[in-house]
Amino acid sequence: MDVYNRHSPSVGSALNRKKNNDLKKPFDISHVYAFVHNHWVECITPSYYGQLHGHSEREIALASSELRAQARHSHTRTPIDAKRLADFLVKIEAQEAVLIQRREYLDRH
């Protein structure tokens, strides 16, 4: 939970005490809902919101796995943090856009 904006000290302390069954994780990893003081509170990712918005928990797990594999192959021990994940997702999206354009070009010719 430490990557989510806790909005206020009271929400933050309540989130620290919560169990996973008190959380709702939508498809979009950039925010989560926590049941705090008898109502649901939306918590957003303050850093890298734009890069993480629209990505699922499964996509983040796959990206993390790929980053770990790349680190093993290059014999580096760089930790995987939100910035590395966000940068990696942006890079993948750029590569995907190029591949889509290439496929569309080849389909026309």
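Here the structure is a predicted model, which is why all the values come from computation and not from measurement.

K.L.:
Can you walk me through the overall build of the protein in this structure?
P.N.:
Secondary structure assignment for the protein yields 4 helices and 3 strands. Reading the helices (α) and strands (β) of the protein from amino to carboxyl end gives α-β-β-β-α-α-α. Summarising the internal contacts of the protein: among those between residues at least 6 apart in sequence, 46% fall at separations of at least 24. Summed over its atoms, the accessible surface of the protein is roughly 7800 Å², and 53% of this surface lies on carbon and sulfur atoms.

K.L.:
I tried to follow the packing of helix α3 (residues 57-74) against helix α4 (residues 82-108) on my own but got confused; where do I start?
P.N.:
Relative orientation and spacing of two packed helices are given, respectively, by the angle between their axes and the distance between those axes. Running from amino to carboxyl end, α3 crosses α4 at an angle of 100 degrees, the nearest separation of the two axes being 10 Å. Accordingly, the angle class assigned to the pair α3 and α4 is roughly perpendicular. The residues of α4 that touch α3, namely those facing Ile 60, Ala 63, Ser 64, Glu 66, Leu 67 and Gln 70, are Arg 84, Leu 85, Phe 88 and Leu 89. Here the residues of the contact of α3 with α4 sort into 6 nonpolar, 2 polar and 2 charged.

K.L.:
I would appreciate a short explanation of the nonpolar core in the present structure.
P.N.:
Note that soluble globular proteins tend to have their nonpolar side chains buried in a common cluster. Ile 29, Leu 52, Ile 60, Ala 63, Leu 67, Leu 85, Phe 88 and Leu 89 form the largest nonpolar core, which has 8 residues in total. Broken down by secondary-structure element, the contributors of at least two residues to this core are α3 and α4. Val 32, Val 36, Val 41 and Cys 43 belong to the second-largest nonpolar core, a separate cluster that totals 5 residues.

K.L.:
Sorry, what's going on with the pattern of salt bridges here?
P.N.:
Pairing between side chains of opposite charge can happen when their charged atoms approach one another. Tallied over the full model, the rule gives 1 salt bridge. A salt bridge links Lys 83 to Asp 87; the shortest N-O distance between them is 2.9 Å. With Lys 83 and Asp 87 both in helix α4 and 4 residues apart, this pair spans about one turn of that helix.

K.L.:
Which parts of the structure should I look at to understand α3?
P.N.:
Residues separated by three or four positions in an α-helix point in the same direction, a consequence of the helix having 3.6 residues per turn. The end-to-end C-alpha distance of α3 is 26 Å, a good match for the 26 Å that 18 residues give at a rise of 1.5 Å each. Listed in full, the buried residues belonging to α3 are Ile 60, Ala 63, Ser 64, Leu 67, Ala 69 and Ala 71. Those residues of α3 that are buried lie in contact with α2 (49-52) and α4. Just beyond α3, the residue with positive phi is His 75, at close to 55 degrees.

K.L.:
For this particular structure, what's the right way to read the side chain of Asp 28?
P.N.:
For Asp 28, the position within the fold is in the loop between β1 (23-24) and β2 (31-36). Among the polar contacts made by the side chain of Asp 28, one reaches the side chain of Ser 30 at a distance of 2.7 Å. There is a polar contact of 2.9 Å between the side chain of Asp 28 and the backbone nitrogen of Gly 54. Ignoring sequence-local partners within four residues, the contact set of Asp 28 consists of Leu 52, His 53, Gly 54 and His 55.

K.L.:
Looking at this model, I keep getting lost on the pairing of strand β3 (residues 39-44). Mind explaining?
P.N.:
Regular strands have side chains that alternate between both faces of the sheet. Strand direction decides the pairing type here: β2 and β3, joined by 6 bridges, are antiparallel. By the bridge assignment, His 31 is partnered in β3 with Ile 44. The loop that links β2 with its antiparallel partner β3 comprises 2 residues; one of these, His 37, has a positive phi angle of about 50 degrees.

Definitions and cut-offs
Residues numbered from 1 in each chain as written. Predicted model: local features only at pLDDT ≥ 70, side-chain atom pairs only at ≥ 80, totals over all residues. Heavy atoms only, no water. Helix = DSSP H or I, 4+ residues; strand = E, 2+ residues; numbered from the N terminus. Contact = heavy atoms within 4.5 Å. Areas by Shrake-Rupley, 256 points an atom, 1.4 Å probe, with all protein chains shown as cover. Axes fitted to C-alpha atoms, helices over the stretch in contact; angles between N-to-C directions. Parallel < 35°, antiparallel > 145°, perpendicular 65-115°, else oblique. Nonpolar A, V, L, I, M, F, W, Y, C, P; charged D, E, K, R; others polar. Core = buried A, V, L, I, M, F, W, Y, C linked by side-chain atoms within 4.5 Å. Buried < 20%, exposed > 50% of the residue type's maximum accessible area, 1.4 Å probe, protein only. Salt bridge = Lys/Arg side-chain N within 4 Å of Asp/Glu carboxyl O. Expected span 1.5 Å × (residues − 1). Polar contact = N/O pair within 3.5 Å; in protein donor to acceptor, adjacent residues only side chain to side chain. Pairing = 2+ DSSP bridges.

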